[in-house]
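Tertiary structure, described
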Amino acid sequence: MIAVITTLPAQAMSRHVAISAGSFFAAAVRCEEQHLITSGQVEDLLRALDPYLSKSDKANMAAGHARGAKDLQVFVAAEKKWVSFTADATSCYRVQGVLDDYRAQLGE
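The model shown is predicted, which means the values in this text are computed figures rather than measured ones. (Residues numbered from 1 in each chain as written. Predicted model: local features only at pLDDT ≥ 70, side-chain atom pairs only at ≥ 80, totals over all residues. Heavy atoms only, no water.)

**Description of helix α2 (residues 41–49)**
This is how the line gets drawn: Partly exposed describes any residue whose relative accessible area lies between the buried limit of under 20% and the exposed limit of over 50%, with all areas from a 1.4 Å probe on protein chains only and scaled to the type maximum. Secondary structure elements are defined from DSSP: runs of H or I of at least 4 residues count as helices, runs of E of at least 2 residues count as strands, and each element is numbered from the N terminus. Relevant arc is that of directions from the helix axis to the C-beta atoms, nothing else. Whether two residues are in contact is decided by their heavy atoms, any of which lying within 4.5 Å being enough.
Along α2, the positions that sit buried rather than exposed are Gln41, Val42, Leu45, Ala48 and Leu49. Across the axial projection of α2, the buried residues extend over an arc of 130°, all falling on one side. Exposed and facing more than 90 degrees away from the buried side of α2 are Glu43 and Arg47. Those residues of α2 hidden inside the fold are in contact with α1 (15–33) and α4 (89–106).

Structural data, given as structure tokens:
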């Protein structure tokens, strides 16, 4: 299960939450590549989120994204551990739900 806090913070996210978010977006890209969710939405959403992210958020998200993409894992912040991610219909359906939550919070 993917655990990502979907609120837009007024200040920097914790390191673990930002790493988790980055690894989640890496998983979402994998779902896009497998044509299990609509392509291009991850890039659009990251661009929309950018104004709300601190410099440390961006750095930690980049680190989480890099490791998530390399190891095919997501970081579960609540458990402070990395878990395997398989881009399949069920997992990507959950990923789409989180992307939709982010989009709703941004008013898109």
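There's more to say after this.
**Brief notes about the pattern of salt bridges**
Where we set the bar: Within this document, salt bridges are pairs made up of a side-chain nitrogen of Lys or Arg and a carboxyl oxygen of Asp or Glu, the two lying within 4 Å of each other.
Across all of its chains, the model carries seven salt bridges by this definition. Among the salt bridges present, the one from Glu43 reaches Arg47, with a minimum N-O distance of 3.5 Å. Taken together, the positions of Glu43 and Arg47, both in helix α2 and four residues apart, correspond to about one turn of that helix. Overall, Glu43 belongs to the exposed group, its relative accessible area being 53%. Note that Arg47 is salt-bridged to Asp44, the shortest N-O span being 2.6 Å. Here Arg47 pairs with Asp44, and both are found in helix α2, just three residues apart, close to one helical turn.

**Here we look at the packing of α1 against α4**
Here is the rule: Every angle, taken between N-to-C directions, lies between 0 and 180 degrees, and every axis is a line fitted to C-alpha atoms, over only the stretch in contact when it is a helix. An angle below 35 degrees is read as roughly parallel, one above 145 as roughly antiparallel, one from 65 to 115 as roughly perpendicular, and any other as oblique. By definition, any crossing whose near helix is turned counterclockwise from its far helix by less than a right angle is left-handed, and any crossing with a clockwise turn is right-handed.
Packing of α1 against α4 brings their axes to within 10 Å, and their N-to-C directions diverge by 120°. In terms of axis orientation, α1 runs oblique to α4. Where α1 crosses over α4, the handedness of that crossing is left-handed. In contact with Ala21, Phe24, Phe25, Ala28 and Cys31 of α1, α4 contributes Cys92, Val95, Val98, Leu99 and Tyr102.

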